Each structure stands twice: as C-alpha cells, then as structure tokens.
Amino acid sequence: MSYVRTASVVLSLVALAVHLDAQGRGGRGGGRGAPETPTEQQWSSNGETRERVAAAMTIAGSDLLPQAKMFCTPTGPQRMAVARQAAGLPPMPNVVVEPTRVFDNMWWIGMTSQNVWAITTSDGIILLDTMNSAEEARDVIVAGMKKAGLDPARIRYIVIGHGHPGQSDHTGGALHLQKTYGARVVMNPIDAKLVLPSQRPDRPLAVPDLDAFHGQKLTLGDTTLTLVHTPGHTPGTMGVIVPVKLRGASHTAIVLAATQLPTRESLLQFERVFNEFAKPMKVEASLNMHANGVQEDLPFLETIRKNPGGPNPYLYGPERFARWMDIMIECGRARLAALGIPTS
Ligand SMILES: [Zn+2]
C-alpha cells in the first residue's frame, strides 16, 4: 500500500461543487446548517457589495462574464437540484451517466445528481468520494469502474471531501469499499468527529484510516495529490489538487467538495488556498462531485465522450482560471459585505 507521505498540515479532499446537501432546501442558505445568505434587499442596497460586484465583472472581462454572473448573486451558484427546487421546478430524474474519461488519468463516474472521481496511478487507484450507500458503491461506482476497465481491487485510497451529521451523501459508500477491497479511507477529522456519532443504522460509515490535513501530500505510485482545507459547507471540507494528463500533456486540476460560503473564515481560507496553492501550482480546471453546480458538467462530459480527441471544456488555462478564482472570492466578499461582515 504505497507510501502516504504525510507532510504536515491539514486536510483532505474534494469536489468543487456548489453543492448543498442532497436534501438542500433551496432558498436562503440552501443546506442544513448552511450560513445565511443575504436577502435581495441587503444585496442591492449595500455600497461595498456593488463595488465588489463591479470589480468581479471587470476581472471577468468578456470571456468569464457568464461565470461572474453566476457567482455574483445573493446565494452564489446553486447546484441543479437545489436551484430547480428553489424555482419551483420538478426534480430532474437521477440516472446513471456513462463513465467518462475526463483526463488520461482521471475518470468521472456517477449519476446526474452526484459523482465520484477515480484517479489512476502507477500503483493503484485513488477514489474521491463514495456517493450515498453501499448499494451505490456497488451498483454505480464499482459497476462504472468495471465498465471503464478499472479494477476496483486496485483502489488504494478513498479521499472523502466532507461529511454531514445524520446524512451519508459522499461518505455512505466508503465502508463497503474499505471492507471489500482494503481501500484506506482518508478524511478530515473535524468532519469525521461530527459524522460518525450520528450515522444512520442502515448506512454505516467507515472509520477513517488516515486523517486529512491542510497542505498534506498523498502519494500513490507516480502521483501526488495535495489536500487543502476549504471550510464553509462543512467545517472539515477538503479540496484536492490533482496532477492530470491530457493526451500526455501535464495540467493541474482542483476538485472542490463545495464552494465558498458567506462566512469570513470560509472566505479567507478559500483565498489562502487559491493564492498559496492553486495559483502557484497553475491549477486550470475545477472539478466537483455534483454535476452542474458551478459549470455545465453534464454537457461537458457529453462533449468529451463524443469527441475524446477534441478540446477539453474543463481546461481554462492557468491565467483564465486564476481570474475564475478571483471572481469567486470577489463575489464572496460582496456577500459578506451585504451581511455587514468585514471582507478582509
Ligand atoms: Zn455536503
């Protein structure tokens, strides 16, 4: 089981999604325990908010304007299920999607509502997240891996992006994969301490084998992931920076388990992660665990499946992606300002 090089500091995994919870309620805040978002009135009447929004639009220029408009709203981006619920629309059918090789060494596997990532290395596979349950682990993750030609017996690590008390999305499939394949589960201890005591009897959760910490390196064979702490959605939410290859060329992606939420701690920590990790590492793509949260993932995946040799819609290039991150932060400041919270 190759070497985990435990650097020091904190952290662990995941998907950039806007992800509120499976039962996200829509409307203000969206998910259980989520911080309050500003009202339309607070948003439109605050001078600093208007300045921040204008700054975000300037950063966006012409090529990131739709993204800036999505981020700069009172709630920020909302994943598909939550946005539809808030708009009074019926839920989308939740169906299994064809496994998609987004990069040479990274597969998207999952359903329209939620997904995992399988990272292939010279010494086995690292899985990011585990969906809701043992059944989904078996029928969606393992079945999808086999369809993709990946051997589930080669899963060495499972990095969990975050966990919610009393709820098993993201964490529910981990115990099955841990027991069946001997995979080692990596999770931030803050979330583990919240989640394990409240687990549902019908969905037992895995006890993590390793703590995930901010700045931690997780190495398997020829691949080293960098785990970063991105709190807000949950106190222990972790992002993962992944070296990827596309047709042999090297790139870097970040998997965010959730977007920045309107607390000062969340804002400042996301800003640190972007400035101290993502920008120096030339990250140029954001990946997540809930499709269509901050970008059109399902159409992106279809584009890749239809034309695997064509341009990859996830890759922004480092300069454009740095502006994407700056826009997320500036719109986060706009939300804090509307709530009367200091923004720096
Ligand atoms: Zn969540």
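Structure's up top.
Here is a short report on the structure shown in this document. (Residues numbered from 1 in each chain as written. Predicted model: local features only at pLDDT ≥ 70, side-chain atom pairs only at ≥ 80, totals over all residues. Heavy atoms only, no water.)

What to know about the nonpolar core
- Ranked by internal contacts, the top residues of the largest apolar core, which has 36 residues, are Phe103, Met106, Trp117, Leu128, Val255 and Tyr314.
- The element that contributes the greatest number of residues to this core is strand S11 (residues 238-246), accounting for five residues.
- Other than its neighbours up to four places away in sequence, Tyr314 contacts Val102, Phe103, Glu284, Ala285, Ser286, Leu287, Gln295, Asp297, Phe300, Leu301 and Ile304.
- Listed in part, the 32 residues of the second largest apolar core include Ile241, Ile254, Ala322 and Trp324. (Core = buried A, V, L, I, M, F, W, Y, C linked by side-chain atoms within 4.5 Å. Buried < 20%, exposed > 50% of the residue type's maximum accessible area, 1.4 Å probe, protein only. Helix = DSSP H or I, 4+ residues; strand = E, 2+ residues; numbered from the N terminus. Contact = heavy atoms within 4.5 Å.)

Here we look at helix H10 (residues 318-338)
- Helix length check: H10, at 21 residues, gives a terminal C-alpha distance of 30 Å against a target of 30 Å (1.5 Å per residue), a fit within 8%.
- With 17 of 21 residues buried, H10 lies mostly within the body of the structure.
- In the segment just after H10, Gly340 is the residue with positive phi, at about 80 degrees. (Expected span 1.5 Å × (residues − 1).)

Observations concerning the state of the cysteines
- Scanning the entire structure with this criterion turns up one disulfide.
- Disulfide pairing places Cys72 opposite Cys331 at an S-S distance of 2.1 Å. Measuring the twist about the S-S bond at about -100 degrees, one finds the Cys72-Cys331 disulfide to be left-handed. Note that Cys72 is positioned in the loop between helix H3 (65-71) and helix H4 (80-86) and Cys331 in helix H10, a separation of 259 residues in sequence.
- Judged by relative accessible area, which is 0%, Cys331 ranks as buried. (Disulfide = S-S within 2.5 Å.)

Comments concerning the sheet that holds strand S10 (residues 223-229)
- What the five strands build is an open sheet, ordered S9-S10-S11-S12-S13; its pairing is mixed. Of all the strands in the sheet, the pair left with one neighbour each is strand S9 (217-220) and strand S13 (286-287).
- Relative to S10, S9 runs antiparallel, the two sharing four bridges. The partner of Leu220 across the bridge, within S10, is Thr223.
- Against the sheet, helix H8 (residues 264-278) engages S10, S11 and strand S12 (249-255), with an angle of about 155 degrees to S10. (Pairing = 2+ DSSP bridges. Axes fitted to C-alpha atoms, helices over the stretch in contact; angles between N-to-C directions.)

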